[in-house]
Amino acid sequence: MAVSAKDRLAARNDLAWAISVGGIGVVGFAALLLFTWHFAVTLFLIFAGMLLGVALNAMTNMLGRVVSLTHSLRLTIVCLVLAGLLSGVVFLGGATIAQQATALSGTIKSQLVNVKAFLEKNGIDTSYFDLGNAAAPPTDSSTPATSGAPTTHNLPGAGAFASSGGAIVSQTLKLLLGTVSAVGNFFIVLFLGLTFAAQPSVYRTGLLFMAPVRQRARATVIVDRIGETLERWLIAQIITMFAIFLVTWIGLAIIGIQSSFILGIQAGLLGFIPTVGALIGGLIVVLASLASGWVAAASAFVLFLGVHALESYILTPILQRHALDIPPATLFAFQILLGVVFGIWGLALALPLMAIVKVMIDYFKADEIAADAVAA
């Protein structure tokens, strides 16, 4: 069958258009990946602010079931209660927290040095660890020490003073920049969370407005499901973290471990990171307990196993049975991937990101199943 020149021209134009659109799509996707990689910390910071806004909005909605007030008043009450709780903890236990944090830091450092010495004593190479203090300068055994020689004290030269001063200034600048960055990130997350929680409908409408008109109904369902899932998960996670803090604090205090309060706080905070956070928290607890003897360390390890069992087999199934249903191996692999690529931000926010992906996959999968059922 002969094909006219007009049809061939139309086919070539369609092919050229398809190639152009495909090339633009590939370049756009590569640019999006490059942008995400380059500004990953900023994107994670914004996402953390959104999570805080979702948590505040969830608490505000829970308060709305008890009292009939406007959203702004309920959010103000929630913020005042949270600020009061935080201020009370800092006011009543601030000195204790500071003292226990200092003691815990010294204990962990000394125990790491002891672990390194134990490993070296048993023939295990620990040169790749940086656990202990700097080694003492080597002494030259070939040069005999003269007992009666007078000791001379030479003043350091200008170069030594300059290098020492430069090192001090460099370390001070690093400490100041790190502190300013941490405080700045905290206030950025706090500001974003408050603004998102103050007017959630405005941001929801704006997000849906960016979707194509034909897909806006589907986008509405997906956004609402994601919001509901994150709200349920965050409320359950807050309850779980508080329970971990309380049980760890009381258990370590009964065992007689010093710095039990600050250890409970760090265990509760690390409870936000599933699997990896529990392992890190348990390691810190056991290392801190070694200073009180092997019996205390073994008791702390048993307590860690009990807390982990409480979280994994009681709290998580009861509190999060309607929130998330992600296989542990899948979640752990996703955590390791984001942790290696993006650092602590990826490790901490892997679960909510995985929850968003799962909601979208479940929705499209259910849509395909419904379409196949209608077609059959």
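Residues numbered from 1 in each chain as written. Predicted model: local features only at pLDDT ≥ 70, side-chain atom pairs only at ≥ 80, totals over all residues. Heavy atoms only, no water.

## As for the side chain of Gln266
Inference 1: Within the fold, Gln266 resides in helix α7 (residues 260–270).
Inference 2: On the accessibility criterion, Gln266 (14% relative accessible area) is buried.
Inference 3: Ignoring anything within four residues of it in the chain, the contact list for Gln266 reads Gly281, Ile284 and Val285. (Helix = DSSP H or I, 4+ residues; strand = E, 2+ residues; numbered from the N terminus. Buried < 20%, exposed > 50% of the residue type's maximum accessible area, 1.4 Å probe, protein only. Contact = heavy atoms within 4.5 Å.)

## Notes on the nonpolar core
Inference 1: Ranked by size, the top nonpolar core spans 23 residues in total, and within it Leu51, Ile226, Leu230, Leu234 and Leu349 carry the most contacts.
Inference 2: Sorting the residues of this core by element identifies α2 (40–64), α6 (216–255) and α12 (350–375) as the ones contributing at least two each.
Inference 3: Ignoring any residue separated from it by four or fewer positions in sequence, one finds Leu234 in contact with Leu51, Val54, Ala55 and Phe272.
Inference 4: Leu263, Val285, Leu303 and Val307 belong to the second largest nonpolar core, which has eleven residues in total. (Core = buried A, V, L, I, M, F, W, Y, C linked by side-chain atoms within 4.5 Å.)

## Quick notes on helix α8 (residues 276–289)
Inference 1: When the terminal C-alpha atoms of α8 are compared, their 20 Å separation across 14 residues agrees well with the 20 Å that a helix rising 1.5 Å per residue should span.
Inference 2: If you check which residues of α8 are buried, you get Val276, Gly277, Ala278, Gly281, Gly282, Val285, Leu287, Ala288 and Ser289. (Expected span 1.5 Å × (residues − 1).)

## Details of the pattern of salt bridges
Inference 1: Summed over all chains, the structure comprises two salt bridges.
Inference 2: For the salt bridge of Arg204 with Asp224, the shortest nitrogen-to-oxygen distance reads 2.8 Å. You can see Arg204 sitting in helix α5 (residues 200–209) and its partner Asp224 sitting in helix α6, a full 20 residues away along the chain.
Inference 3: Owing to a relative accessible area of 33%, Arg204 belongs among the partly exposed residues under this scheme.
Inference 4: Residue Asp362 pairs with Lys358 through a salt bridge whose shortest N-O separation is 2.7 Å. With a gap of four residues between them, Asp362 and Lys358 both fall in helix α12, about one helical turn apart.
Inference 5: Look at Lys358 and you get partly exposed, because its relative accessible area is 26%. (Salt bridge = Lys/Arg side-chain N within 4 Å of Asp/Glu carboxyl O.)

## Some thoughts on the environment of Leu51
Inference 1: Residue position: Leu51 is located in helix α2.
Inference 2: Taking relative accessible area as the criterion, Leu51 reaches 5% and is therefore assigned buried.
Inference 3: Each C-alpha atom of the pair Leu51 and Gly227 lies 9.6 Å from the other, and the pair is 176 residues apart in sequence.
Inference 4: Among residues more than four places away in sequence, those in contact with Leu51 are Leu230, Leu234, Leu349 and Pro352.

## Regarding the packing of α7 against α8
Inference 1: One way to put it is that α7 packs onto α8 with a least axis distance of 8 Å and a crossing angle of 165°. By the angle class used here, α7 and α8 are roughly antiparallel. Crossing handedness for the pair α7 and α8: right-handed. Contacts between α7 and α8 pair Leu263, Gln266 and Leu270 from the former with Gly277, Ala278, Ile280, Gly281, Ile284, Val285 and Ala288 from the latter.
Inference 2: For the contact of α7 with α8, the class distribution of residues is seven nonpolar, three polar and no charged. (Axes fitted to C-alpha atoms, helices over the stretch in contact; angles between N-to-C directions. Parallel < 35°, antiparallel > 145°, perpendicular 65-115°, else oblique. Left-handed = near helix turned anticlockwise from the far one by under 90°. Nonpolar A, V, L, I, M, F, W, Y, C, P; charged D, E, K, R; others polar.)

## Re a nonpolar patch on the surface
Inference 1: On the surface, a nonpolar cluster with roughly 750 Å² of combined accessible area is contributed by Phe29, Leu32, Leu33, Phe35, Phe39, Leu43, Ile46 and Met50.
Inference 2: Counting residues per element, the ones that place at least two in the nonpolar patch are α1 (5–38) and α2.
Inference 3: At four residues, α1 tops the list of elements feeding residues into the nonpolar patch. (Patch = residues over 30% accessible without salt bridge, like charges linked within 9 Å, V, L, I, M, F, W, Y side chains within 5 Å. Areas by Shrake-Rupley, 256 points an atom, 1.4 Å probe, with all protein chains shown as cover.)

## Some points on the packing of aromatic side chains
Inference 1: Taken as a whole, this structure holds eleven aromatic pairs when the rule is applied.
Inference 2: A ring pair is formed by Phe35 and Phe39, whose centres lie 4.9 Å apart and whose planes are at 45°; its orientation type is tilted.
Inference 3: On the basis of relative accessible area, Phe35 is assigned to the partly exposed category, the value being 44%.
Inference 4: Between Phe242 and Phe245, the aromatic rings sit 6.1 Å apart at their centres with planes inclined by 50°, giving tilted as the arrangement. Separated by three residues within a single helix, Phe242 and Phe245 lie in helix α6, roughly one turn from each other.
Inference 5: Phe242 sits in the exposed class, given a relative accessible area of 51%. (Phe/Tyr/Trp six-rings, centres within 6.5 Å; stacked < 30°, edge-to-face > 60°.)

## Some thoughts on helix α10 (residues 328–342)
Inference 1: The end-to-end C-alpha distance of α10, which contains 15 residues, comes to 21 Å, matching closely the 21 Å that a straight helix rising 1.5 Å per residue would cover.
Inference 2: Of all the positions in α10, only Leu331, Gln335 and Leu338 are classed as buried. Buried residues of α10, seen end-on, are gathered within an arc of 75° and therefore sit on one face of the element. More than 90 degrees from the buried face of α10, the exposed residues found are Ala329, Leu337 and Val340.
Inference 3: Immediately downstream of α10, the backbone of Gly343 shows phi near 80°, a positive value. (Arc of directions from axis to C-beta.)

## Topic: the side chain of His71
Inference 1: Examined against the element boundaries, His71 turns out to sit in helix α3 (residues 71–121).
Inference 2: There is a polar contact of 2.8 Å between the side chain of His71 and the backbone oxygen of Ala197.
Inference 3: The contact partners of His71, leaving out residues within four places of it in the chain, are Asn57, Thr60, Ala197, Ala198 and Pro200. (Polar contact = N/O pair within 3.5 Å; in protein donor to acceptor, adjacent residues only side chain to side chain.)

## Looking at the environment of Leu56
Inference 1: By the element assignment, Leu56 lies in helix α2.
Inference 2: In the structure, Leu56 is positioned 178 residues away from Leu234 in sequence and 9.7 Å away in space, judged by C-alpha atoms.
Inference 3: When residues no more than four places from it in sequence are discounted, the contact partners of Leu56 are Leu75, Val78, Leu82, Gly193, Leu194 and Ala197.

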